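Letter by letter, the chains look like this.
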Amino acid sequence: MTRAATEATEPDLIQILTPDGQRQSHETYDAYLGDVDDDMLRGFYRDMALTRRFDQEATALQRQGQLCLWVPLRGQEAAQIGSGRATRRSDYIFPTYREHGVALTRDVSFSEMLRLFRGISGGGWDPRENNFHMYTMVLAAQMPHAAGYGMALNMEQRGWDEARRAKEGNAVVAYFGDGSSTEGETHESMVFASSFNAPVVYFCQNNQWAISVPFEVQSKVPLVNRAAGYGMPGVRVDGNDVLAVLAVTRWALEHARSGKGPVLIEAVTYRLGAHTTADDPTKYRMSEEEAQWAPKDPLIRLETYLRDNNLVDDTFFEQLSADADAMAAKVREDAMAFPVPPLAKSFEQVYAEAHPLIQEELAWHLEYEAGFADAAEGEH
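Residues numbered from 1 in each chain as written. Predicted model: local features only at pLDDT ≥ 70, side-chain atom pairs only at ≥ 80, totals over all residues. Heavy atoms only, no water.

The chain has the name Pyruvate dehydrogenase E1 component subunit alpha in an unreviewed UniProt entry, where Glutamicibacter nicotianae is given as its organism. Heading Cofactor (unreviewed entry) of the UniProt record for the chain holds this comment: "thiamine diphosphate". (UniProt positions renumbered as here; feature names shortened; annotations may be inferred.)

Undergrad: Would you take a moment to explain the environment of Glu266 for this structure?
TA: Locating Glu266 in the fold gives a position in strand β7 (residues 263–268). With 43 residues separating them in the primary sequence, Glu266 and Leu223 have C-alpha atoms 6.8 Å apart. Those residues in contact with Glu266 that lie beyond four places of it in its chain are Cys204, Asn206, Pro222, Leu223, Val224, Val235, Arg236 and Val237. (Helix = DSSP H or I, 4+ residues; strand = E, 2+ residues; numbered from the N terminus. Contact = heavy atoms within 4.5 Å.)

Undergrad: What am I meant to see in the UniProt feature "domain: Dehydrogenase E1 component" (unreviewed entry) in the chain here?
TA: The positions UniProt marks with the feature "domain: Dehydrogenase E1 component" (unreviewed entry) are residues 46–327. Segment residues 46–327 splits into 49% helix and 11% strand. End C-alpha atoms: 12 Å apart.

Undergrad: Explanation requested: helix α9 (residues 184–195) in the structure shown.
TA: In an α-helix, one full turn covers 3.6 residues, which means residues spaced three or four apart are oriented alike. In this model α9 runs 17 Å from its N-terminal to its C-terminal C-alpha over 12 residues, within 8% of the 16 Å that 1.5 Å per residue would give. For α9, the set of buried residues is Thr186, Ser189, Met190, Ala193 and Ser194. Summarising the axial view, the buried residues of α9 lie within an arc of 120°, below the 170-degree limit, and thus occupy one face. Of the surrounding secondary structure, the elements contacted by the buried residues of α9 are α7 (142–156), β2 (172–177), β3 (200–206), α11 (227–230) and β7. Following α9 by one or two positions, Asn197 has its phi on the positive side, about 55°. (Expected span 1.5 Å × (residues − 1). Buried < 20%, exposed > 50% of the residue type's maximum accessible area, 1.4 Å probe, protein only. Arc of directions from axis to C-beta.)

Right, here's the structure in full:
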């Protein structure tokens, strides 16, 4: 009976742009695409292409020993660009460690993002400038923060009517992956957001793998079905369809801003590459599976639509390729030029104010470090 009930609740998958690049209408979500013109479509493709090129360059930098680690996103560009472009500048974003495309939509410098992965900074950018929070390296640690931020927005907007909230109100977008969906912090965050009607959009990029654990092991039901248990609406969208993601996220943000509470979005996508550069997916997934997902590549899908409708020509792609290469070269140049702070600087970042124990440890470190200089001088 349990299995039959599970099968009966298979949710619809919202899709506007089919895998073969054909645009189809949707009675609910077409209303959220009224402003999408040809320039915007070309812009979406440009965003995705630049993000992928940045991803490739960062991967190369890590392989060459210039980054400690890199977290690729290849295959998830539409989920990130579509959702990021749906937000207002005043909305606040809580990313994981893979939202490089969302960062682009918030005007976060690609170069600055590499400070963290080069191991010279705990962040790299000021989140107050872009309303884009620091990357979270610990799974789901950002989720309670998102709920708390949303609850604070409710306090600021207390007394506003629905019309004012819809027009002037802000919302929060919390990104997480299918692996983080099984973390306790995610559950706790959604309980609080729902209980206190916080304007939070929970955006899950279900890329099918939590490192080496397939999604079917993590959950016996579609992830979006969990929304009902928290008393919030849930929408399942084709995460490789930038238009569907844009429309669904706009709807969800509208719902949240107007005071109706949180929303869960499950963007069904696929991680075409490794979980991180420390991972080898050939050890745990079959090449046949990767081959099945390759034709669903979000860039191929949108390129097909653009070409079929004569919205681009070869010159567009040639110029974009040149721009992407120039961007990648600049990112590499900037990353290699970052000054490396002395290790002693790290001791200053543990507490906001001086702490006697930390000062004691710093003194020991400086003495230890000076010992190498003495030894080197003795050899000469």
